[in-house]
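Observations on chain architecture
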Amino acid sequence: MAYLKIDNVSLRGVSACVPAKVVKTKNLPMFAADGGEKFTKTTGIIERRIASDGICTSDLCQKAAEGLIEKMGWEKETIDLLVFVSNTPDYRSPATSCLLQHRLGLPTSCMTFDISTVCCGFIQGMTIVGNMLSSGVIRRALMLAGDTNSLTSSPDDQSRYPLLGDAGTATAWEYNPQAEPIYANLLSDGSNEEFVVSPDSGFRHFVTPESFIPRICDDGIKRAPIHGIMNGMEVFSFAISECPKSIKAMCEHFDIDMHDAVDYYLFHQANLKINLTIAKKLKLDVAKIPSNIQYFGNISCAAIPLLMVTNISEDISSKKLSLMLSAIGAGFVWGAGYLKTNNVVCTDLLEL
């Protein structure tokens, strides 16, 4: 297992931006009669924020970053690194992080790169950025994490489209020799690629005109090959089995008390039942597990920082907190993280 201990790094700020467009689950045309209300009872999702035409993930992340930089008072010339974590970039090439460096007015001395992992992207990005900062050579970094996955789904796909929302986030990280360690446990299993996949989206199956033609697939759902596929039952089964194991293993390896040493458990917002099942297996206090899936749906790698902004903003900005993180995404890629925060700058939720 990839057990990671990162010294000398602090989370200094967090911001989030969501589309202004609100879509109510009960109003979706794919549901007949009370189908939308039944879906809400099953998933917990009442509404989602959906990007309007022309809004990309980078636009949401840019607004989140601008708001955060302004509130923190950071001089842009002092930002050494910008990382963009997303499965929905502006282009295949160039990297969106490079474009954001220019759009945010950061110096050309700022290093940039993209990370393409989806739902586990925040934890993975945190460990990568943290390791780059820990030596002190790089002093300040921005990590922009988000997705507009609603745009990747067939509007006729009841197994996927009503689940996915859009958001962009920004977190500010800084070299700090007095910081308490950040811990993580990261894992992957690529044998499960068919359970969450967009078939015609890369170079294995190149996009052709036929990629955009909807058809009835083997599972009875109407979608085009360009659209994403998700086997919800397989994801659920894997998540409730492996996520508790990854949390427990990390806590045992680093001697972390998963009960008394945690103020909040920030879990990926894929499915409320997944998180409650993880809590039950580990005997966690559900009062410490905030949820915003009812208002935003599954927003991929933006879920954890959005929870900081929408659910624990008052505490994270005024107290010392111990946070346990957990996420699982396509691949499968999954893992757990643990960090302590102290008076983190937190913006209000932004809209675009």
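Up top is the structure.
This report concerns the structure included in the present document.

Conventions adopted
- Residues numbered from 1 in each chain as written.
- Predicted model: local features only at pLDDT ≥ 70, side-chain atom pairs only at ≥ 80, totals over all residues.
- Heavy atoms only, no water.
- Buried < 20%, exposed > 50% of the residue type's maximum accessible area, 1.4 Å probe, protein only.
- Helix = DSSP H or I, 4+ residues; strand = E, 2+ residues; numbered from the N terminus.
- Arc of directions from axis to C-beta.
- Pairing = 2+ DSSP bridges.
- Axes fitted to C-alpha atoms, helices over the stretch in contact; angles between N-to-C directions.
- Salt bridge = Lys/Arg side-chain N within 4 Å of Asp/Glu carboxyl O.
- Parallel < 35°, antiparallel > 145°, perpendicular 65-115°, else oblique.
- Left-handed = near helix turned anticlockwise from the far one by under 90°.
- Contact = heavy atoms within 4.5 Å.
- Nonpolar A, V, L, I, M, F, W, Y, C, P; charged D, E, K, R; others polar.
- Patch = residues over 30% accessible without salt bridge, like charges linked within 9 Å, V, L, I, M, F, W, Y side chains within 5 Å.
- Areas by Shrake-Rupley, 256 points an atom, 1.4 Å probe, with all protein chains shown as cover.
- Phe/Tyr/Trp six-rings, centres within 6.5 Å; stacked < 30°, edge-to-face > 60°.

Focus: helix 6 (residues 272-282)
Residues three or four positions apart in an α-helix share a direction because the helix packs 3.6 residues into each turn. If you check which residues of helix 6 are buried, you get Ile274, Asn275, Ile278, Ala279 and Leu282. Projected down its long axis, helix 6 shows its buried positions confined to an angular sector of 135 degrees, all on one face. Trailing helix 6 by a residue or two, Lys283 shows a phi angle of about 60 degrees, which is positive.

A look at the sheet that holds strand 9 (residues 182-188)
Taken together, the five strands give an open sheet; going across it, the order is 1-9-16-15-14, and neighbouring strands pair in mixed fashion. Of all the strands in the sheet, the pair left with one neighbour each is strand 1 (2-6) and strand 14 (264-267). Going from strand to strand, the sheet's axes swing by 20 degrees on average, the running direction of each strand aside. The pairing of strand 1 with strand 9 spans five bridges and is antiparallel.

As for the pattern of salt bridges
According to the stated counting rule, one finds eleven salt bridges in the structure shown. For Arg49, the salt bridge goes to Glu351, with nearest N and O atoms at 2.9 Å. Separated by 302 residues along the polypeptide, Arg49 in strand 4 (residues 47-49) and Glu351 in strand 18 (residues 350-351) bring together distant segments of the chain. The class for Arg49 is buried, based on a relative accessible area of 12%. A single network of salt bridges, built from pairs that share partners, joins Arg12, Arg140 and Glu174.

Considering the pairing of strand 7 (residues 140-148)
Buried residues dominate strand 7, accounting for eight of its nine residues. In this sheet, strand 7 lies alongside strand 5 (residues 81-85) in parallel orientation, the contact comprising five bridges. Across the sheet, residue Val85 finds its bridge partner in strand 7, namely Ala145. By the bridge criterion, nine bridges tie strand 7 to strand 8 (residues 166-175) in an arrangement that is antiparallel. Opposite Met143, over in strand 8, you have Thr171 as the bridge partner.

A look at the packing of helix 2 (residues 57-72) against helix 3 (residues 96-103)
Relative to each other, helix 2 and helix 3 sit at 45 degrees, their axes nearing to 11 Å. In terms of axis orientation, helix 2 runs oblique to helix 3. Helix 2 and helix 3 meet at a crossing whose hand is right-handed. Taking contact as the criterion, the partners of Ser58, Asp59, Gln62 and Glu66 in helix 2 are, on helix 3, Thr96, Leu100 and Arg103. Residues of the contact of helix 2 with helix 3, tallied by class, amount to one nonpolar, three polar and three charged.

Some points on a nonpolar patch on the surface
A cluster of nonpolar side chains, namely Leu272, Leu276 and Val286, defines an oily patch on the protein surface of about 240 Å² accessible area. Assignment of secondary structure puts Leu272 in helix 6.

Describing the environment of Leu307
Mapped onto the secondary structure, Leu307 falls in helix 8 (residues 303-310). Along the sequence, Leu307 and Phe267 sit 40 residues apart, while their C-alpha atoms lie 8.8 Å from each other.

Re the packing of aromatic side chains
Taken as a whole and judged by the stated rule, the model has nine aromatic pairs. Ring geometry for Tyr3 versus Phe254: centroids 6.1 Å apart, planes at 85 degrees, classification edge-to-face. Within this pair, whereas Tyr3 is found in strand 1, its partner Phe254 is found in helix 5 (residues 232-254), the two being separated by 251 residues in sequence. Judged by its relative accessible area of 17%, Phe254 is buried. When the centroid spacing of 4.4 Å and the interplanar angle of 35 degrees are considered together, the rings of Tyr183 and Phe254 count as tilted. Of this pair, Tyr183 sits in strand 9 while Phe254 sits in helix 5, and the two are 71 residues apart along the sequence. Put simply, the rings of Tyr3, Tyr183, Phe254 and Tyr338 pair up and form one aromatic cluster.

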